[in-house]
Amino acid sequence: MALSLPLRPSKIVCVGRNYAAHARELGNAVPERPLLFLKPPSSLIGDGDAIVLPPESQRVEHEAEIGILLGRRSRHVSAAEAMQCVAGFLPLNDVTARDLQKLDVQFARAKGFDTFCPAGSPVAHADWRELEITGRVNGSIRQHGRAADMIFGIPEIIAYVSRIMTLEAGDIIATGTPEGVGPLAPGDVVEIEIPGLGRISNPVEAATR
Ligand code: MG
């Protein structure tokens, strides 16, 4: 069932290195607890909008992720309660300036440029473990992952985040990307799909100013 909630989150909370194979491909250890960072709401774009490659970066990469849309204010919820806080799931691209991520201790610049968060329409789904995520560039599959293979599952992530910051209805959590991230070039088209739920397609452009 498609939801009519608009995407106007007060925050976009992201989990890094939540699939073991992706942590390894970037030379990182598997985390002992969820690794969190934020993307600004100003980075959001919708289906069909262009991802703009900023001149500050020489390597911008796609990260196909399952996004969670919160349906209610949530604070200090348990993992057992967490799914009651979810309105739906959406395909999300955690676009990342990989070179800047390696230069900076904080991820704000690498993850925060305008257009760096393409996101689709949220859709309700009963069992998060059944969800899968696929990333394609120019029609070729580059990434595929299953929610059941996440290091930290969706209820555990929501509970963990809600101990730190109050989640508001409309907030988004990006749950991490599977292996296969790679660079984007002007003229590419990136598709992120949660099979059976939704898909977004975004062209890639060089910045003109
Ligand atoms: Mg990510």
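Everything below is about the structure printed above this text.
Counting of residues starts from 1 at the beginning of each chain's written sequence and follows it residue by residue. Under the rules for a predicted model, residues below a pLDDT of 70 receive no local features and side-chain atom pairs below 80 are neither given nor counted, while totals for whole chains, interfaces and linings still include all residues. Only hydrogens and water are set aside; all other atoms, that is, all heavy atoms of the structure, feed into the side-chain values.

1. Structural notes on the pairing of strand S11 (residues 140-146)
Side-chain positions along a regular strand alternate between the two faces of the sheet. Under the convention used in this document: In short, DSSP must find at least two bridges between two strands for them to pair. The numbering of helices and of strands both runs from the N terminus, where a helix is a DSSP run of H or I of at least 4 residues and a strand a run of E of at least 2.
As judged from the six bridges shared by strand S10 (residues 132-137) and S11, these two strands associate in the antiparallel manner. Note on S11: the bridge partner recorded for Gly 135 is Gln 143.

2. With respect to the environment of Pro 54
How we decide: Note on classification: 1.4 Å probe, protein chains only; a residue is buried when its accessible area is under 20% of the maximum for its type, exposed when over 50%, partly exposed between these limits. Any two residues whose heavy atoms approach within 4.5 Å at even a single point are treated as in contact.
Structurally, Pro 54 can be placed in the loop between strand S4 (51-53) and strand S5 (60-62). Using a relative accessible area of 8% as the deciding quantity, one classes Pro 54 as buried. In this structure, the C-alpha to C-alpha distance between Pro 54 and Phe 113, residues 59 residues apart in sequence, is 7.6 Å. Setting aside residues no more than four positions away along its own chain, Pro 54 makes contact with Val 60, Phe 113, Phe 116 and Ala 207.

3. Section: the sheet that holds strand S1 (residues 12-16)
The following threshold applies: Here an axis means a line fitted to C-alpha atoms, over the contact stretch when the element is a helix, while the angle between two N-to-C directions is reported on a 0 to 180 degree scale.
Spatially, the five strands line up as an open sheet ordered S2-S1-S12-S6-S7, and their pairing is mixed. This sheet does not close on itself; its edge strands, each paired only once, are strand S2 (35-39) and strand S7 (86-93). Neighbour-to-neighbour, the strand axes of the sheet open up by a mean angle of 25°, direction not taken into account. Sheet topology note: the strand S6 (residues 64-70)/strand S12 (residues 172-174) ladder contains three bridges and is antiparallel. Within the sheet, the bridge partner assigned to Ile 68 lies in S12 and is Ile 173.

4. Examining the nonpolar core
Defined as follows: We call a set of buried Ala, Val, Leu, Ile, Met, Phe, Trp, Tyr and Cys residues a nonpolar core when their side-chain atoms join them within 4.5 Å.
Counting residues in each nonpolar core, the largest one holds 43 residues, and the members touching the most others are Ile 66, Ile 68, Phe 89, Ile 154, Ile 158 and Ile 173. Of all hydrophobic cores here, the second largest spans 13 residues; its members include Phe 37, Leu 44, Phe 107 and Ala 174.

5. What about the packing of aromatic side chains?
Test applied: Planes of paired rings set the category: under 30 degrees apart is stacked, over 60 is edge-to-face and the rest tilted, where pairs are Phe, Tyr or Trp rings (Trp by its six-membered ring) whose centres lie within 6.5 Å.
Counted according to the given criterion, the structure contains two aromatic pairs. For the pair Phe 113 and Phe 116, a centre-to-centre distance of 5.2 Å together with 55° between the ring planes defines the contact as tilted. For the pair formed by Phe 113 and Phe 116, the shared burial category is buried.

6. As for the coordination of the magnesium ion
Put simply, the rule is: Coordinating N, O and S atoms are those within 2.8 Å of the metal (3.2 Å for Na, K and Ca), and as water is not part of the atoms, a site may appear to have fewer donors than expected.
The magnesium ion binds to the protein through Glu 63 (OE), Glu 65 (OE) and Asp 94 (OD); the donor distances cover 2.0 to 2.1 Å. Donor residues binding the magnesium ion come from one chain and are separated in sequence as E-x1-E-x28-D. Exposure class is identical for Glu 63 and Glu 65. Each is buried.

7. Observations concerning helix H5 (residues 154-162)
Within H5, seven of the nine residues are buried, which leaves it mostly tucked inside the rest of the structure. Those residues of H5 that sit buried are Ile 154, Pro 155, Ile 157, Ile 158, Ala 159, Val 161 and Ser 162. Those residues of H5 that are buried lie in contact with S1, S2, S6, helix H2 (79-82), S7 and S12.

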